Amino acid sequence: KLLIGENERSARGTPSKATFFVYDIKTKVPSPRIRTGVAGGATLSLDGSKIFLDEEQEIYSEDKSYIKYDKSLGRIHVYDVAAGKELGVIPFTVDNEGEIMAIHPNENKIYMMGEIAGVKSLIVVDVINFKVSKTLKISEDTLFMIFYNE
């Protein structure tokens, strides 16, 4: 399955709004379009049934000529692909940038990396009960993480 995102923006410097859908490569059938009304980075669940969206705001340079970075707004939106609707929103704490790093093989948790009070952290998000289950400090030198079942 393939996650496809479309960006809706009326003019440069105005907030973008994302629309997502999933295309099933085997059946050649797209899911209903999900108009989120927000911007952010999205990740498809391993089985293709859910979309996890880290809501973000684009931070521009002073002259608005380029995007400096995408600031996480501390909200993960969870969408049901088949129904085309939002299941819930999970608030979390992060200074600026947050990034979904991995999805647990059971699809009950996602793992995010971001800074909290200036400390690089791993945020474990329970996507079944819609809450942060734990936050762990990690090395400043961490570039990526790989999760797997043994």
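Residues numbered from 1 in each chain as written. Predicted model: local features only at pLDDT ≥ 70, side-chain atom pairs only at ≥ 80, totals over all residues. Heavy atoms only, no water.

**Thoughts on the overall build of the protein chain**
Consideration 1: Of the regular secondary structure elements, the protein chain holds 0 helices and 12 strands.
Consideration 2: In the protein chain, the order of α-helices and β-strands from amino to carboxyl end is β-β-β-β-β-β-β-β-β-β-β-β.
Consideration 3: Its C-alpha atoms give the protein chain a radius of gyration of 16 Å, within 12% of the compact-globule value 15 Å for 150 residues.
Consideration 4: Taking the principal axes of the C-alpha coordinates as reference, the protein chain spans close to 50 × 45 × 25 Å.
Consideration 5: Residue pairs at least 24 apart in sequence account for 32% of intrachain contacts in the protein chain once pairs closer than 6 positions are excluded.
Consideration 6: For the protein chain, the computed accessible surface area is about 8800 Å², with 50% contributed by carbon and sulfur atoms. (Helix = DSSP H or I, 4+ residues; strand = E, 2+ residues; numbered from the N terminus. Rg over C-alpha atoms; globule rule 2.2 N^0.38 Å. Contact = heavy atoms within 4.5 Å. Areas by Shrake-Rupley, 256 points an atom, 1.4 Å probe, with all protein chains shown as cover.)

**A word on the environment of Y60**
Consideration 1: Tracing the backbone through its elements, the reader meets Y60 in strand β6 (residues 50-60).
Consideration 2: Between the alpha carbons of Y60 and D70 there is a distance of 8.8 Å; along the sequence they are 10 residues apart.

**Here we look at the nonpolar core**
Consideration 1: F52, I76, I110, M112 and V125 are the most contacted members of the largest nonpolar core, which totals 13 residues.
Consideration 2: Of all the secondary-structure elements, those providing two or more residues to this core are β7 (67-80), β9 (98-103), β10 (109-116) and β11 (119-126).
Consideration 3: Setting aside its immediate chain neighbours within four residues, V125 contacts I90, N108, K109, I110, M112, K131, V132 and S133.
Consideration 4: Residues I34, V38, L44 and Y79 belong to the second largest nonpolar core, which totals 10 residues. (Core = buried A, V, L, I, M, F, W, Y, C linked by side-chain atoms within 4.5 Å. Buried < 20%, exposed > 50% of the residue type's maximum accessible area, 1.4 Å probe, protein only.)

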